[in-house]
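A look at the structure
Below, each chain spelled out in residue letters.
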Amino acid sequence: TPHASKVSSSSSVPQKYFHCGDAYPSLHPCAGPASRSVEKALEEAATSGALNLSNRKLKEFPRSAKNYDLSDITHADLSKNRLCELPEELCQFISLETLSLYHNGMRSLSSSFSNLQALTYLNLSRNLLSSLPPSVFQLPLLRVLIISNNKLSSLPTSIYSLTQLRQLDVSCNELQHLPAELGQLECLRDLNLRRNRLTTLPEEISELPLVRLDVSCNRVSHVPLCYRHLRHLQSISLDSNPLQMPPAQICSKGKYHIFKYLNMEACKRSQEELEKHLRPTGFNSW
């Protein structure tokens, strides 16, 4: 899909994890020529702490890995392979801080995922995941979660437990609604909801310290008035929605005009409420 969003310059993730376009991480500590043998990659990982098995047509974790001491690896890149499920071996690397499983064919994730308690960056983009197990939400240090281009129809309410999360990318899925618990992610700065099936947005999002919000290419007709309280917001994208409030022509002008409209609408409604309460009521008929 050409529409997977690029990471903004305000991203909280160190830029070394990204290159241009939608192919997110290239874990530089272990980058190297694709022609290297798997054995060479395993050997280097044992000394460098960074495992690069990207683009090797792997259907499973290399069995020869048991011949190397990989217990201290902190970075692992298994992107662009043919993995149908999460290799159990990965869940034994409890020192892992970054893990990329981008562009595989995974349909499910292991419950052992929660072993990776040191993980701060996880990329599951471009797989076939229709749901996420509770184990993904038991990673206390996770700061970046990229699960774009999957088949997710919902996010679990347990997402609130990712208390350190700063970037969440769920673009290009099949989400029809969002849990109110999103509003409890007190560190979240970057939320990408692009290209889903959302018709409404939870008011709780207005409580987040968001710097970037992308809701483009959904089915949203109304932006909650309370979104005017997103005082840290630098970028908001609402294009390709059937917007009625604010009208699409307002939204196309950018953040300043969107917020101005929301503020004016909130003032107008407050005035209407005040007049309603002050209006004298007639005598009750008996």
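Definitions and cut-offs
- Residues numbered from 1 in each chain as written.
- Predicted model: local features only at pLDDT ≥ 70, side-chain atom pairs only at ≥ 80, totals over all residues.
- Heavy atoms only, no water.
- Phe/Tyr/Trp six-rings, centres within 6.5 Å; stacked < 30°, edge-to-face > 60°.
- Helix = DSSP H or I, 4+ residues; strand = E, 2+ residues; numbered from the N terminus.
- Buried < 20%, exposed > 50% of the residue type's maximum accessible area, 1.4 Å probe, protein only.
- Core = buried A, V, L, I, M, F, W, Y, C linked by side-chain atoms within 4.5 Å.
- Contact = heavy atoms within 4.5 Å.
- Salt bridge = Lys/Arg side-chain N within 4 Å of Asp/Glu carboxyl O.
- Pairing = 2+ DSSP bridges.
- Axes fitted to C-alpha atoms, helices over the stretch in contact; angles between N-to-C directions.

1. A closer look at the packing of aromatic side chains
Enumeration over the complete set of coordinates arrives at one aromatic pair. Summarising the aromatic geometry, the rings of Phe 61 and Phe 93 are spaced 5.9 Å apart at their centres and angled 55 degrees between planes, so their arrangement reads as tilted. With a gap of 32 residues between them, Phe 61 in the loop between β1 (50–52) and β2 (75–77) and Phe 93 in the loop between β2 and β3 (98–100) connect regions that are remote in the sequence. The same class applies to Phe 61 as to Phe 93, namely buried.

2. Some thoughts on the nonpolar core
Core analysis: the largest hydrophobic core is formed by 72 residues, its most contacted members being Leu 99, Leu 122 and Leu 213. Elements that contribute at least two residues to this core include exactly α1 (38–48) and α3 (255–278). Ranked by residue count, the leading element in this core is α3, at four residues. With residues up to four places along the chain from it excluded, the contact list for Leu 213 reads Leu 191, Leu 193, Tyr 227, Leu 230, Leu 233, Ser 235, Ile 236 and Ser 237.

3. Some points on the pattern of salt bridges
All told, the structure shown has four salt bridges when counted by the stated rule. The shortest N-O distance in the salt bridge between Arg 212 and Asp 190 comes to 2.8 Å. With a gap of 22 residues between them, Arg 212 in strand β8 (residues 212–214) and Asp 190 in strand β7 (residues 190–192) connect regions that are remote in the sequence. By relative accessible area, Arg 212 is classed as buried at 11%. Its relative accessible area of 4% is what places Asp 190 among the buried residues. Residue Glu 265 is joined to Arg 269 by a salt bridge in which the shortest nitrogen-to-oxygen separation is 3.5 Å. Remark: Arg 269 and Glu 265 occur in helix α3; sequence separation between them is four residues, near one turn of the helix.

4. Observations regarding the sheet that holds strand β4 (residues 121–123)
Spatial strand order, β1-β2-β3-β4-β5-β6-β7-β8-β9: nine strands in an open sheet with parallel pairing. The open sheet is flanked by β1 and β9 (235–237), the only strands paired with a single partner. Sheet twist, expressed as the mean angle between neighbouring strand axes with direction ignored, is 5 degrees. Of the pairings in the sheet, the one linking β7 to β8 comprises three bridges and is parallel in character. Its bridge partner lying in β8, Leu 191 is registered against Leu 213.

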